[in-house]
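Here is what each chain is made of, one letter per residue.
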Amino acid sequence: MNNFRYTHSRNPREAIALAVETPDAQYVAGGTNLLDLWKYNITRPGELIDINKIPGYHAIERLPDGGLRLGALATNADTAYHPMIEERYPILTRAILAGASQQIRNMATNGGNLLQRTRCYYFYDVNTPCNKREPGTGCSAIGGFNRIMAILGTSEHCIATFPSDMCVALAALKATVNVSGPQGDRSIAFGDFHRLPGDTPHIDNVLQRGELITSIDLPPKGFAANSSYLKIRDRNSYAFALVSAATLLELDGDTITEARIALGGLAHKPWRIEEAEEFLKGKSATEENFAAAADLILRGAKGYPWNSFKIEMARRVIIRNSMMALDPSTQLPGANPPL
Ligand SMILES: Cc1cc2nc3c(=O)[nH]c(=O)nc-3n(C[C@H](O)[C@H](O)[C@H](O)COP(=O)(O)OP(=O)(O)OC[C@H]3O[C@@H](n4cnc5c(N)ncnc54)[C@H](O)[C@@H]3O)c2cc1C
Ligand code: SF4
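So, here's what we can say about the structure. Given the structure is predicted, the values throughout are model-derived calculations rather than measurements.

Rules behind the numbers
Residues numbered from 1 in each chain as written. Chains lettered and ligands numbered in written order. Predicted model: local features only at pLDDT ≥ 70, side-chain atom pairs only at ≥ 80, totals over all residues. Heavy atoms only, no water. Buried < 20%, exposed > 50% of the residue type's maximum accessible area, 1.4 Å probe, protein only. Helix = DSSP H or I, 4+ residues; strand = E, 2+ residues; numbered from the N terminus. Pairing = 2+ DSSP bridges. Axes fitted to C-alpha atoms, helices over the stretch in contact; angles between N-to-C directions. Contact = heavy atoms within 4.5 Å. Near = heavy atom within 4 Å. Nonpolar A, V, L, I, M, F, W, Y, C, P; charged D, E, K, R; others polar. Core = buried A, V, L, I, M, F, W, Y, C linked by side-chain atoms within 4.5 Å.

Here we look at the pairing of strand E9 (residues 227-232)
E9 sits mainly inside the fold: 6 of its 6 residues count as buried. Alternating residues of E9 divide into Ser 227, Tyr 229 and Lys 231 and Ser 228, Leu 230 and Ile 232, and every residue in both groups is buried. Pairing of E9 with strand E10 (residues 243-252) involves 6 bridges; the strand directions are antiparallel. Note on E10: the bridge partner recorded for Ile 232 is Val 243.

The structure is reproduced here in structure tokens:
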């Protein structure tokens, strides 16, 4: 039996102060990841701080610069189906709808989505060594069954992937994460929010103790005319990505004037290589050029005995998804055409 205290906080400053002064405190939003981790004994909060009633964190609203602010407590479902998201940021709608199930998306919040933990099998099995769950015990995945693991940015201490779909789209859109903490408010560029494992794989992101995600800002540019999300997985629904890609293109005729490509299922964070995006600038939108960009993105990829297939799969996903972005009518929300 694990005893814990439960506090419902409506005041962010009070919630933050309580989180800072209580070493084993955790916030709970939709609970769709936290409760699983708790049931599997991976986490054991002594103080559960329910943030769902904090006013102002649920809204999706326009920003003065023409961008959009997504409240941390807005649900994934409300975000995906919001008329301004569907119209101006369809990549976000497609990525969110490619994840989980409708019931889970109804509970899952935007802040919680950024903080969901890896789906590495060994992380969830408390009987096996895992540096992310218990630092210094070793990594069972490196010499074990590693089909779903990372091929980019890995370390000798951890080869886990970050499982979010929504975050792949947010990385491509160059969103900003707004947080409040004991030292005040700050904003973090999306690309800097999640970390690579290095020798501290138990730290997933740059949030400091007690910091609360308040909202996520989307820049004005949504690349609505030419964007595509493609997710390859073992089952066609209710499964995490083996490989996914969010591609955003801006075109002048056949010429690419701007490109963004972010990948999921391959690393400890959504993977973007600016050199590849720069390479595409000014080039024709052809399979050959997307293939060359794919080679740049996947440079240094390292497969393990069970997941080397991901390298070629990722290459094909990048090319295919870029071609799909040229003609968004090839996509249905949440659906994957066969490879
Ligand atoms: C069966 C299943 C299938 C899934 N499939 C997919 C999938 O295919 N693709 C995908 O992307 N996701 C998938 N998910 C993950 C789901 O999207 C996440 O569980 C969800 O987004 C987490 O949000 P939440 O509000 O429920 O977070 P919670 O579980 O409440 O919290 C998660 C973590 O975030 C912290 N937290 C929450 N909100 C804040 C905040 N505002 N500030 C600071 N800390 C906070 C909590 O303390 C906790 O540590 C799946 C989940 C399940 C259960
Ligand atoms: S890959 Fe990371 S999460 Fe998985 S067992 Fe190794 S250390 Fe743990």
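Notes on the sheet that holds strand E6 (residues 176-181)
Across the sheet, 5 strands lie side by side as E4-E5-E8-E6-E7; this open sheet has antiparallel pairing. Looking at strand neighbours, the two that pair on one side only are strand E4 (60-62) and strand E7 (184-189), the edges of this open sheet. Strand-to-strand twist of the sheet, defined as the mean angle between neighbouring strand axes without regard to direction, takes the value 25 degrees. In this structure, E6 lies alongside strand E8 (residues 212-218), joined through 5 bridges in antiparallel fashion. From the neighbouring strand, Val 179 faces E8, where its bridge partner is Ile 213. Sitting on the sheet, helix H1 (residues 12-21) is in contact with E6, E7 and E8, with an inclination near 75 degrees to E6.

Digging into the site of ligand 2
The environment of ligand 2 is made up of 13 residues, and the closest members are Cys 120, Cys 130, Cys 139, Cys 158 and Ile 159. For the shell around ligand 2, a count of residues per class yields 9 nonpolar, 3 polar and 1 charged.

A closer look at unusual backbone geometry
With a phi angle near 55 degrees, Ala 100 is a residue other than glycine that sits in the positive phi range. With respect to the helices, strands and loops of the structure, Ala 100 is situated in the loop between helix H5 (90-97) and helix H6 (102-107). Residue Ala 100 is classed as partly exposed on the basis of its relative accessible area, which comes to 35%. Although it is not a glycine, Lys 174 sits at a positive phi angle of roughly 60 degrees. Structurally, Lys 174 can be placed in the loop between helix H9 (166-173) and E6.

A short note on the nonpolar core
Ranked by internal contacts, the top residues of the largest apolar core, which has 44 residues, are Leu 263 and Leu 266. When residues of this core are traced back to their parent elements, those giving at least two are helix H8 (121-124), E9, E10, strand E11 (255-264), helix H11 (274-280), helix H12 (287-297) and helix H13 (309-326). Take this core: its biggest share by element is 6 residues, from H13. Residues in contact with Leu 263, not counting those within four places in the same chain, are Val 168, Ser 244, Ala 245, Lys 269, Pro 270, Trp 271, Ile 297 and Ile 318.

Interpretation in functional terms is not warranted from these geometric data alone.
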